[in-house]
Amino acid sequence: EVQLAESGGGLVQPGGSLRLSCAASGFNFRTYDMSWVRQVPGKGPEWVSEISAGGGVTNYADSVKGRFFIARDNAKNTMSLEMDSLRPEDTAEYYCVTGGRMDYMAGYWGQGTQVTVSS
């Protein structure tokens, strides 16, 4: 059974930081490109960041570039998203997803973790 479990979300003030984690199991994690995707109610998903299977290539949406940083540890089947200088518009449910920005919609999704940026 493919499982992706996000954690680390919560309430944070504007300008604050959070680190999200994703624990993967049930598939060969190290062979998959991975993404972080976020979604707000009533709107479609927004791709945030991707990392290649080996971790050597990363890309970011313009809206988070320079503030968010993606990483993975294939030995532990985990992926993370460090989020700095958070803004209210970063408020969303964040999902760990298999695939990169071009194919994540066909991938596996976790249950998500809520990030709320508010004063």
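As a reminder, the structure under discussion sits directly above these lines.
Let me begin by describing the structure that accompanies this report. Note that this is a predicted model, so its numbers are computed, not measured.

What counts and what doesn't
- Residues numbered from 1 in each chain as written.
- Predicted model: local features only at pLDDT ≥ 70, side-chain atom pairs only at ≥ 80, totals over all residues.
- Heavy atoms only, no water.
- Buried < 20%, exposed > 50% of the residue type's maximum accessible area, 1.4 Å probe, protein only.
- Helix = DSSP H or I, 4+ residues; strand = E, 2+ residues; numbered from the N terminus.
- Pairing = 2+ DSSP bridges.
- Salt bridge = Lys/Arg side-chain N within 4 Å of Asp/Glu carboxyl O.
- Core = buried A, V, L, I, M, F, W, Y, C linked by side-chain atoms within 4.5 Å.
- Contact = heavy atoms within 4.5 Å.
- Axes fitted to C-alpha atoms, helices over the stretch in contact; angles between N-to-C directions.
- Phe/Tyr/Trp six-rings, centres within 6.5 Å; stacked < 30°, edge-to-face > 60°.
- Lys NZ or Arg CZ within 6 Å of the ring centre and 35° of its normal.

1. Considering the pairing of strand β7 (residues 68-73)
Every second residue of β7 is oriented toward a common face, the buried set being Phe68, Ile70 and Arg72 and the non-buried set Phe69, Ala71 and Asp73. Looking at chain direction, β7 and strand β8 (residues 78-83) are connected through 6 bridges and run antiparallel. Among the inter-strand pairings, Ile70 is bridged to a residue of β8, identified as Leu81. From the end of β7 to the start of β8, which pair antiparallel, there are 4 residues, and Asn77 there has a positive phi angle of about 55°.

2. Here we look at the pattern of salt bridges
Side-chain pairs of opposite charge can arise where the charged atoms are in close proximity. By the definition in use, this model includes 5 salt bridges. Note that Glu50 is salt-bridged to Arg101, the shortest N-O span being 3.6 Å. With Glu50 in strand β5 (residues 46-51) and Arg101 in the loop between β9 (92-98) and β10 (113-117), the pair connects residues that are 51 residues apart, well separated along the chain. Among the residues examined, Arg101 registers a relative accessible area of 44% and is labelled partly exposed. Its salt-bridge partner being Lys65, residue Asp62 comes within 3.2 Å of it at the nearest N-O pair. Residue Asp62 shares its accessibility class with Lys65, and that shared class is exposed. Residues joined in a network through salt bridges with shared partners are Arg38, Glu46, Arg67 and Asp90.

3. Quick notes on the nonpolar core
Trp36, Phe68, Met79, Leu81, Met83 and Tyr94 are the most contacted members of the largest nonpolar core, which has 31 residues in total. Those elements that provide at least two residues to this core are β3 (18-25), β4 (34-39), β5, β7, β8, β9 and β10. Every residue in contact with Met79, bar those within four places of it in the chain, is listed here: Leu20, Ser21, Cys22, Phe29, Met34, Ser35, Trp36, Ile51, Ile70, Ala71, Arg72 and Cys96.

4. Let's talk about the sheet that holds β9
A sheet is described by the order of its strands in space; here 6 strands give the open sequence β2-β10-β9-β4-β5-β6, paired in mixed fashion. Edge positions in the open sheet fall to β2 (10-12) and β6 (58-60), since each of these has one partner strand only. Ignoring strand direction, the axes of neighbouring strands in this sheet form an average angle of 25°. Note: β9 against β10, 3 bridges, orientation antiparallel. Looking across to β10, one finds that Tyr94 is bridged to Thr113.

5. As for the packing of aromatic side chains
Overall, the coordinates contain 5 aromatic pairs when judged by the stated rule. The interplanar angle of 65° and the centroid separation of 5.3 Å between the aromatic rings of Tyr95 and Trp109 together place this pair among those described as edge-to-face. Here Tyr95 is found in strand β9, whereas its partner Trp109 is found in the loop between β9 and β10, with 14 residues between them in sequence. Residue class for Trp109 comes out partly exposed when judged on its relative accessible area of 28%. Of the aromatic side chains, those joined through ring pairs into one cluster are Phe27, Phe29 and Tyr32. The ring of Phe29 has Arg72 lying over it, and the distance from NZ or CZ to the ring centre is 4.3 Å.

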